[in-house]
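# Structural overview
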Amino acid sequence: MRRGAALVAMAVLLPAPALLQAQNYPITAQQRAVAQQTAERGVPVGELRAGAPDTYTVKRGDTLWGISSLYLQKPWHWPQLWGMNLQSIRNPHLIYPGQVLYLDIRDGYARLGLSRFGDDETIKLSPSVREETLEQVALPTIRRDLIEPFLVRPVVKDLDALSQLPVIIASAEERLIMGNGDRLYARGTDAVPLATHDGAARDLSIFRKPKPLKDPQTGEILGYEGEYVGQARIVRDEFFVEALDKRGKPVEEYRPATLDILKAVTEVQIGDQLERQNEATDYAHFVPRVPPEGLEGRVVSLYADQAVANASSNQVVAINLGSDAAVEPGHVFQIMRAGRLVRDPEGGRNARVRLPDEPNGLLLVFRVFDRVAYGLIMDSSDPVTVGDRLVAPQ
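The shown structure was predicted, so the numbers you read here are calculated from the model rather than taken from an experiment.

Across its full length, the protein carries six helices and 24 strands. The 394 residues of the protein split such that 47% are buried. In the protein, the proportion of contacts linking residues at least 24 apart, taken out of those at least 6 apart, comes to 74%. Roughly 19900 Å² of accessible area belongs to the protein as shown, and the carbon and sulfur atoms make up 47% of that amount.

To continue, consider the sheet that holds strand S3 (residues 55-57). One open sheet holds the four strands; their spatial order is S2-S5-S4-S3, and the pairing between them is antiparallel. Looking along the sheet, the strands with just one partner apiece sit at the ends: strand S2 (43-44) and S3. Pairing of S2 with strand S5 (residues 109-113), which is carried by two bridges, proceeds in the antiparallel orientation. Of the residues in S5, the one forming a bridge with Val 43 is Ala 110. Sheet strands in contact with helix H2 (residues 64-71) are S3, strand S4 (100-106) and S5, and its direction is about 165° off that of S3.

Before going further, it helps to spend a moment on the pattern of salt bridges. Opposite charge on two side chains lets them pair, provided their charged atoms get close. A complete count under the given rule lists 14 salt bridges for this structure. The closest approach of N and O atoms between Arg 255 and Glu 253, which form a salt bridge, is 3.1 Å. Judged by relative accessible area, Arg 255 falls into the partly exposed class, the value being 31%. Since its relative accessible area comes to 32%, Glu 253 is described here as partly exposed. Arg 389 is the partner of Asp 357 in a salt bridge, and the nearest nitrogen-oxygen pair spans 3.1 Å.

Attention shifts here to the packing of aromatic side chains. Counted by the stated rule, this structure contains two aromatic pairs. Consider the rings of Phe 369 and Tyr 374, whose centres lie 6.0 Å apart with planes at 90°: the pair is edge-to-face. For Tyr 374, a relative accessible area of 1% puts it in the buried group.

Moving on: unusual backbone geometry. Within the chain, Glu 174 stands out as a residue other than glycine whose phi angle is a positive 60°. With respect to the helices and strands, Glu 174 occurs in the loop between strand S7 (167-171) and strand S8 (177-178). Looking at Glu 174, the relative accessible area reads 75%, which means it is exposed. Phi is positive for Asn 314, close to 70°, though the residue is something other than glycine. Considering the arrangement of structural elements, one finds Asn 314 in the loop between strand S17 (297-302) and strand S18 (316-319).

Moving on, we get to the side chain of Ser 301. Relative to the helices and strands, Ser 301 resides in strand S17. For Ser 301, a relative accessible area of 8% gives the class buried. Other than its neighbours up to four places away in sequence, Ser 301 contacts Lys 211, Leu 213, Glu 225, Val 317, Ala 318 and Val 386.

The biggest cluster of nonpolar side chains holds 19 residues, and the ones touching the most others in it are Trp 65, Ile 142, Leu 376 and Met 378. For this core, the elements supplying multiple residues, two or more each, are helix H5 (144-152), S18, strand S22 (358-368) and strand S23 (373-378). One finds Leu 302, Ala 311, Leu 321 and Ile 335 within the second-largest nonpolar core, a separate group that totals 17 residues.

Calculation criteria
Residues numbered from 1 in each chain as written. Predicted model: local features only at pLDDT ≥ 70, side-chain atom pairs only at ≥ 80, totals over all residues. Heavy atoms only, no water. Helix = DSSP H or I, 4+ residues; strand = E, 2+ residues; numbered from the N terminus. Buried < 20%, exposed > 50% of the residue type's maximum accessible area, 1.4 Å probe, protein only. Contact = heavy atoms within 4.5 Å. Areas by Shrake-Rupley, 256 points an atom, 1.4 Å probe, with all protein chains shown as cover. Pairing = 2+ DSSP bridges. Axes fitted to C-alpha atoms, helices over the stretch in contact; angles between N-to-C directions. Salt bridge = Lys/Arg side-chain N within 4 Å of Asp/Glu carboxyl O. Phe/Tyr/Trp six-rings, centres within 6.5 Å; stacked < 30°, edge-to-face > 60°. Core = buried A, V, L, I, M, F, W, Y, C linked by side-chain atoms within 4.5 Å.

Take a look at the structure:
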């Protein structure tokens, strides 16, 4: 197993370093160059989606992916959508509800901008009372509500770090199962002490039963995905008190930390583990783009009830590619449905032939760890299953 230990994907809140750049809405040099080149004359009309509207008023709930899909056959060609009018859309993330997009087609090429062709550059906003800043209402790349649970829960650790996390050891009322509002006691560790006097956060995530994520081809364990249980808050730090033992000699006795359960999505149990929460980082803005050439992967797990065998559009899956394979948030993969075996009538009674793999939607990566990543299924036509192949879109 690489890196000397399996990785653990647990239901806790920690930002992945590979994703911190996402909040800066990065535009790569290559994307900028494509946009500048495209802006000179637009994109070929043949690359437009049939029925692309002449005008479109951006509304709340829209996403940049959705608008790109409205105009382009290949929505991951983000620089082309941006570059259709580089002067009026200088940053694809600065498009807001109320703005009107205009499509201009001439000489076999198309441009998209915030003003009609030939007009002075204008930005049209529908009348409204704004209590947020424009940056707050700028369109996200994809629907945040679909990925938000995965922005604040999964994190990658190795097995040694897992063994050093705090553990729930008792409940206030001697219950084996606890829920919202119940009080519990937990033992901290040297790595994660349950103390707040040094300014550490009081809120923690609760998780249990890390399950292995296995590579569907090799069977190798890529990580462990923990079950998110809920959240708790420290109301009294763990501490030591002076006491006397049976012989009257002074000793220090340990007192565990006291916590209250803030939210439980399922019952909390003795033995569940805890991890500190950090402030959530907004990963809703990133630039869709193709992954490195030749990179292929597989669907490892469907992030849903274990009884579910298939996933579909707007659901999340784990894949067997991570930062060690140069995968980044925003990479778009074509999902390939495995060709089925069919009887070959010309090859004999028991002859079978496998049909070619067929495209089955797209996967947009939004969170990356060392050896696994999470992606949102976009526009699948058939169910997605564990083992489905992932390739760079054409």
